[in-house]
Amino acid sequence: MAEILNIDDLERASQLSIDKMTWDFWAGGANDLQTVAENKAAFSDYRIRPRYMRDVTAIDTTPKAELFGKKFAIPCGLAPSSMHKLAHPDGEIATAAAAKTKNWPMAISSYSSVSLEEAKEAGRDNLLFFQLYVFKNRETSADLVRRAERAGFKAVLLTIDSPYLGLRFSERRNKFTLPKGIEPGNFASGRYAGPIDFSVEDKSKSKGPGRNDDLLKEAKPNVVDPALTWPDIEWLKSITNMEVWVKGVVTAEDAELAVEAGVDGIWVSNHGGRQLDGCLPTLHALPEVVAAVRGKVPVHMDGGIRRGSDVFRALALGADFVWIGRPVLWGLKYDGQKGVELAEQILEDEFKLAMALSGTASVGQISKAHLTKKVAATWSKL
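What comes next concerns the included structure. (Residues numbered from 1 in each chain as written. Predicted model: local features only at pLDDT ≥ 70, side-chain atom pairs only at ≥ 80, totals over all residues. Heavy atoms only, no water.)

## Description of helix α13 (residues 326-358)
Put simply, the test is: In this description a helix means any DSSP run of H or I spanning at least four residues, a strand means any run of E spanning at least two, and both kinds are numbered starting from the N terminus. Take the residue count of a helix, subtract one, and multiply by 1.5 Å to get its expected span. Bend, at a single residue, is the angle you get between axes fitted to the 7 residues ending at that residue and the 7 residues starting at it.
Relative to the 48 Å expected for 33 residues at 1.5 Å per residue, α13 spans just 27 Å between its end C-alpha atoms, considerably shorter than the ideal helical length. Helix geometry: α13 is bent most strongly at D335, by close to 140°. Following α13 by one or two positions, G359 has its phi on the positive side, about 85°.

Now the structure itself:
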């Protein structure tokens, strides 16, 4: 097998030993995959303006601010994604162990293939965020939050971009179902009645906007609540001492409302292009969110990051931290925990080199002045 030199190599290597249904589940997104492609392509709209004759003998890649009182190796973390056992039998246990070994932060999905408690034991104080959907049955969501707090998580990461499931053609064509022996770990053993069904059926005759609507008509209690609004942040904060962050903000308007609602942090995300196709690429959304927040809360982002120089660009546009999703799964499929660590190391090395070659010895020196943006067929200084 060819040597793995970058994240694209890791993607190709992981695809060699995986079934089509799982690969399409990972690679796919909403509708025509426009946003999936543009999340990645958006980084090419910015070029780095390097500065030279600066002392870059020593490069400090640690974030300029601690995250929940901890200093990490790099301002990049492992984003929440579902069902890691599709990639490797150890699932999120291996992912969390890789986060701990490399000193990266991690967020875990509500729909992980192991329980949040098991993952927390493996990731310890590197597993920080518990990603949450608010269900129509609020008690289920509340119990998940209580479990996360007891386990030692630092924050609830509320996903706000999924009142209904995006239209994902590949999942419908493949009639995606979880393989035997893999199930949502937080809902195992019938702990909650009626968790969301991961099977994908033909809903072409449905009058509703998506699969969730059909499930609502079946009166299953643990279905994402499409009536969720900003005042519900107060309810969520009332049931936990953890911080409450929101994931899925892509506009200045929602950023302002989030801050007004009392959130502790904002995560710029479009769900990896899996919800609304044609949505703003997250890198393009980032500057207006940062401007709207005005430093009142941290701003993190995910979407399309494949290189250490992508991390550099996002930080230059004002992100405090960035997160990777699909590359984690590729690494996990390639070589379990060691494969995830390989993905982390690739990005660390590339980020450090990008810093050195741009004349920045510390993360705090990275600024908008280091970028130029493509406007039509030309480039202009920001």
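## Brief notes about a negative patch on the surface
Defined as follows: Patches here: salt-bridge-free residues with over 30% relative accessible area, like charges joined within 9 Å, nonpolar side chains (Val, Leu, Ile, Met, Phe, Trp, Tyr) joined within 5 Å. Using the Shrake-Rupley algorithm and a 1.4 Å probe, accessible areas are obtained, with residue cover drawn only from the displayed protein chains. One speaks of a salt bridge when a side-chain nitrogen belonging to Lys or Arg is within 4 Å of a carboxyl oxygen belonging to Asp or Glu. Positive charges come from Lys and Arg alone, negative charges from Asp and Glu alone, with His and the N- and C-terminal ends not counted. All charge positions are set by atom: Lys at NZ, Arg at CZ, Asp at CG, Glu at CD.
A contiguous patch of negative charge on the surface is contributed by E253, E256, E260 and E288. Sort the elements by how many residues they give to the negative patch and helix α10 (residues 252-261) lands first, with three residues. The topology assignment puts E260 in helix α10.

## Remarks on the packing of aromatic side chains
For clarity, the threshold we go by: Aromatic rings from Phe, Tyr and Trp, taking only the six-membered ring of Trp, are treated as a pair when their centres fall within 6.5 Å; an angle between ring planes under 30 degrees marks them as stacked, one over 60 as edge-to-face, and anything in between as tilted. Between buried and exposed lies partly exposed: a residue is buried under 20% and exposed over 50% of the maximum accessible area for its type, with that area taken using a 1.4 Å probe on protein chains only. In this scheme, the term charge over a ring applies when either NZ of a lysine or CZ of an arginine sits within 6 Å of the ring centre and within 35 degrees of the ring normal.
Evaluation of the coordinates by the stated rule reveals 14 aromatic pairs. When the centroid spacing of 5.5 Å and the interplanar angle of 70° are considered together, the rings of F68 and F129 count as edge-to-face. One end of the pair, F68, is in the loop between β1 (46-48) and β2 (76-78); the other, F129, is in strand β4 (residues 127-132), with 61 residues separating them in the sequence. Residue classification places F68 among the partly exposed positions, given a relative accessible area of 24%. A centroid spacing of 5.6 Å and a plane angle of 85° characterise the contact between F129 and W323, whose relative ring orientation is edge-to-face. Of this pair, F129 sits in strand β4 while W323 sits in strand β9 (residues 321-324), and the two are 194 residues apart along the sequence. Every member of this aromatic cluster is reached through a ring pair, and the members are F68, F72, F129, W245, W267, F321 and W323. Stacked on the ring of F25, the Lys or Arg R274 has its end atom at 5.0 Å from the ring centre.

## With respect to helix α1 (residues 7-15)
Rules: Working note: the arc is built from the helix axis to C-beta atom directions. Working rule for contacts: check all heavy atoms of both residues, and any pair within 4.5 Å makes them a contact.
Buried within α1 are the following residues: I7, D9, L10, A13 and S14. The arc enclosing the buried residues of α1, seen along the axis, measures out at 150°, which places them on a common side. Buried residues in α1 make contact with α2 (20-27) and α13.

## Some thoughts on the pairing of strand β8 (residues 299-302)
In plain terms, the rule: Each pair of strands is called paired provided DSSP finds at least two bridges between the two strands. With the strands aimed away from the viewer, a crossover counts as right-handed if its path from the first strand over the helix to the second runs clockwise.
The side-chain alternation of β8 yields two buried faces, one formed by V299 and M301 and the other by H300 and D302. Note that strand β7 (residues 265-268) and β8 share three bridges and pair parallel. Bridging from a neighbouring strand, V268 pairs with M301 of β8. In this fold, β7 hands off to helix α11 (residues 282-293), which returns the chain to β8; that crossover is right-handed. Sheet topology places β8 next to β9; three bridges connect them, and they run parallel. Within the sheet, the bridge partner assigned to D302 lies in β9 and is W323.

## Structural notes on the pattern of salt bridges
Under the definition given, this model contains 17 salt bridges. Between D225 and R138 there is a salt bridge whose closest N-O contact spans 3.4 Å. Taken together, the positions of D225 in the loop between α8 (211-217) and α9 (232-238) and R138 in helix α6 (residues 138-151) put the pair 87 residues apart, joining distant regions of the chain. For R138, a relative accessible area of 23% gives the class partly exposed. For D264, the salt bridge identified is with K237, shortest N-O distance 3.3 Å. Taken together, the residues D264 in the loop between α10 and β7 and K237 in helix α9 connect sequence positions 27 residues apart. Classification of D264 as partly exposed rests on a relative accessible area of 24%. Residue K237 is classed as partly exposed on the basis of its relative accessible area of 32%. Overlapping salt bridges bring together D8, K40 and R307 as one network.

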